[in-house]
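# Residue-level structure breakdown
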Amino acid sequence: MSSEHDVRDGGGRAVTADLPRPTPQEIDLTFLGSVPTYTAAEVAERAGMSLEQARRIWRTLGFPDRGEEVAYTDADVAALSVLGDVIGEGLLDLDMALNVARGVGLSMARLADWEVGALTQRADDLFRESPEVAEGETPSSLMFGQYGARFELLMSYAWRRHLAAAVARMEATRDLRLQPGTTHLTVGFADIVGFTALSNEATRQEIGDLVELFESRCADVIGSNHGRLIKSMGDAVLFVNDEPLRAFATAEGIINVIGRDKRMPDVRVGLATGSVVLRLGDVFGPPVNLASRLTAVARRNRIIVDHATAGALPRDQVESRPLPPRPVRGFGVVEPVAVRRT
């Protein structure tokens, strides 16, 4: 098959070209190293698990059920065999294996979408007219086919580094008085003011650029203050810090790089401190919900915190001012606290 694409000739004029569109089998061969040769039942048998177990893991990883199709490769057999082995050895039970698979699937799906979205245009620029693009290939498949192993090395390195950091954090912050998986953190929520109205006025490209810049700047500030970016929701970011003062510094930094930049929209930041549950790369608990609710109370480019956070901030560095009590959905009447650097 082929698809039409706009390209530029030597004079910069737009012309139309028919580019080959690879088949699913050709894509599998490029990225997985083989074409589908197995049904789900055959994969399950070779992986040493039941068909139902294999299908549950497959779906949990984020892939659609392919029924009785010949849709699976040697790579699928190898991956499911690993999980089959750890389940058979008693290292994980099926429920725990599904939790791990869910986390891997969600993270890898987002990463893959991000990489393809970010690099497709670059691939077109580099390879669109290259003689290296063979029949059944596109510039994107050629680029990822040639450099995929390098990206894979980077992902493996980053995973190991993050794994070491996660274990170190757990050991440093674990409180034996709390339930397993529960820790004491300051949670921050920063969101763009008036994003809905802004998105109605701007083009898709402008909104995409804004969201990317917002997330990248926030991530840089969060990392520099020893925090963790838990997730980005387009017009908002959720982050955590082990110490309230570092969370306050993170909130200040976000306001400085976003709200103080005349080219960027204003932001509001809410902070709340308490016990949270860390699971599947996300964070849950009352402080998460309260931090989000407090952003609705905050003025533009201001930081609003709960009393737990305000009480943990050093008075010689941070000035706090209680605001009038007000109803906060899910928490009843709350007395927020406005804070700023002295």
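Every value quoted in this text rests on a predicted model; they were computed, and no experiment measured them.

Relative to the helices and strands, threonine 182 is located in strand 3 (residues 182-192). For threonine 182, a relative accessible area of 15% corresponds to the buried category. When the C-alpha positions of threonine 182 and valine 277 are compared, they lie 4.5 Å apart, and in sequence the two are 95 residues distant. Residues in contact with threonine 182, not counting those within four places in the same chain, are Ser275, Val276 and Val277.

Before going further, it helps to examine the nonpolar core. By size, the foremost hydrophobic cluster in this structure holds 29 residues, and its most contacted members are Phe214, Ile254, Leu271, Ile303 and Val339. Secondary structure elements with two or more residues in this core: strand 3, helix 8 (204-224), strand 5 (236-241), helix 9 (244-259), strand 6 (267-279), strand 8 (303-305) and strand 12 (337-341). Counting residues per element, this core draws most heavily on helix 8, at seven residues. Residues in contact with phenylalanine 214, not counting those within four places in the same chain, are Ala190, Ile192, Gly234, Asp235, Ala236, Val237, Ile258, Met264 and Val267. Formed by 21 residues, the second largest nonpolar core is a distinct cluster that contains Val283, Val288, Val328 and Ala338.

Turning next to unusual backbone geometry. Positioned with a positive phi, histidine 226 is a non-glycine residue whose angle comes to about 60 degrees. Within the fold, histidine 226 resides in the loop between helix 8 and strand 4 (228-232). Since its relative accessible area comes to 54%, histidine 226 is described here as exposed.

The next point concerns the pattern of salt bridges. Inspection of every chain in the model, using the stated rule, returns 15 salt bridges. Glutamate 243 is paired through a salt bridge with arginine 246; the nearest N and O atoms lie 3.9 Å apart. Note on arginine 246: relative accessible area 32%, which makes it partly exposed. Put simply, Glu52, Arg55, Arg59, Asp65 and Glu68 are held in one network by salt bridges that share partners.

Thresholds, definitions, all that
Residues numbered from 1 in each chain as written. Predicted model: local features only at pLDDT ≥ 70, side-chain atom pairs only at ≥ 80, totals over all residues. Heavy atoms only, no water. Helix = DSSP H or I, 4+ residues; strand = E, 2+ residues; numbered from the N terminus. Buried < 20%, exposed > 50% of the residue type's maximum accessible area, 1.4 Å probe, protein only. Contact = heavy atoms within 4.5 Å. Core = buried A, V, L, I, M, F, W, Y, C linked by side-chain atoms within 4.5 Å. Salt bridge = Lys/Arg side-chain N within 4 Å of Asp/Glu carboxyl O.

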